[in-house]
Amino acid sequence: MAADAVILRLEKVTEQHADILYSCISNPHLYEYLEDQIPTFMEVKQKFKFAALEKSPDNETMIWLKWVAITPQNQHVGVVEIGIFDDQYAEIGFMTFVGFQNRGYANIYNSLAIAETQRRFSLSTLHASVNQYNIASRKVVERLGFQLHKINRNAEFVKDKPSDEFIYRLTF
């Protein structure tokens, strides 16, 4: 685990973070297990603008919480987001930037985001959707206490081949 990981801080994402984080977010390595294409700078800027308002750009009833994780040396190590839908279904997603992966940061910043969300909203469960081949993210959610809840067979199409989507659930 990273020695300074225990003192990571979360900063709420704003539109201005697009300038700072785009080079990290647009790294092709981060999209290895995602159906999504690398977003353009303007797409990131627009999404961050909505995130600053805690609103989803494509679901007006969802509360969208999004933070960047920062070390004491002001290095940006990743982003984490939690979407809370009107039926209280909530899902977490995260991305650890290249150069900071496999160093224990994701466990810390996800724990911080979960604690902050629980402080503001009384959720009974939190879900995480992970591609079957994304072993690192699966390990993170399992270390956080998520349990495998369901497998959606051939639910995703990544790099021209179908893959399963693992749905994890954390119960509070």
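- You'll find the chain entered in an unreviewed UniProt entry as Putative acetyltransferase, with Nostoc commune NIES-4072 given as the organism.

## What about the overall build of the chain?
Stage number 1. Secondary structure summary: the chain contains four helices and seven strands in total.
Stage number 2. Sequence-ordered secondary structure for the chain, helices as α and strands as β, is β-α-α-β-β-β-α-β-α-β-β.
Stage number 3. At 15 Å, the chain has a C-alpha radius of gyration in line with the 16 Å of a compact globule built from 172 residues.
Stage number 4. The burial tally for the chain puts 44% of its 172 residues in the buried class.

## Here's the deal with the sheet that holds strand E3 (residues 76–84)
Stage number 1. Taken in spatial order, the seven strands of this open sheet run E1-E2-E3-E4-E5-E7-E6, and their pairing is mixed. Among the strands making up the open sheet, the edge pair consists of strand E1 (9–12) and strand E6 (147–158). The average undirected angle you get between the axes of adjacent strands in this sheet is 30 degrees.
Stage number 2. Two strands pair when backbone bridges link them, and strand E2 (residues 63–70) and E3 are joined in this way by eight bridges, in the antiparallel orientation. Residue pairing across strands places Leu65 opposite Ile82, the latter belonging to E3.
Stage number 3. Running over the sheet, helix H3 (residues 105–120) touches E1, E2, E3, strand E4 (90–96), strand E5 (125–131) and strand E7 (161–171) and is turned about 35 degrees from E3.

Rules and cut-offs
- Residues numbered from 1 in each chain as written.
- Predicted model: local features only at pLDDT ≥ 70, side-chain atom pairs only at ≥ 80, totals over all residues.
- Heavy atoms only, no water.
- Helix = DSSP H or I, 4+ residues; strand = E, 2+ residues; numbered from the N terminus.
- Rg over C-alpha atoms; globule rule 2.2 N^0.38 Å.
- Buried < 20%, exposed > 50% of the residue type's maximum accessible area, 1.4 Å probe, protein only.
- Pairing = 2+ DSSP bridges.
- Axes fitted to C-alpha atoms, helices over the stretch in contact; angles between N-to-C directions.
- Contact = heavy atoms within 4.5 Å.

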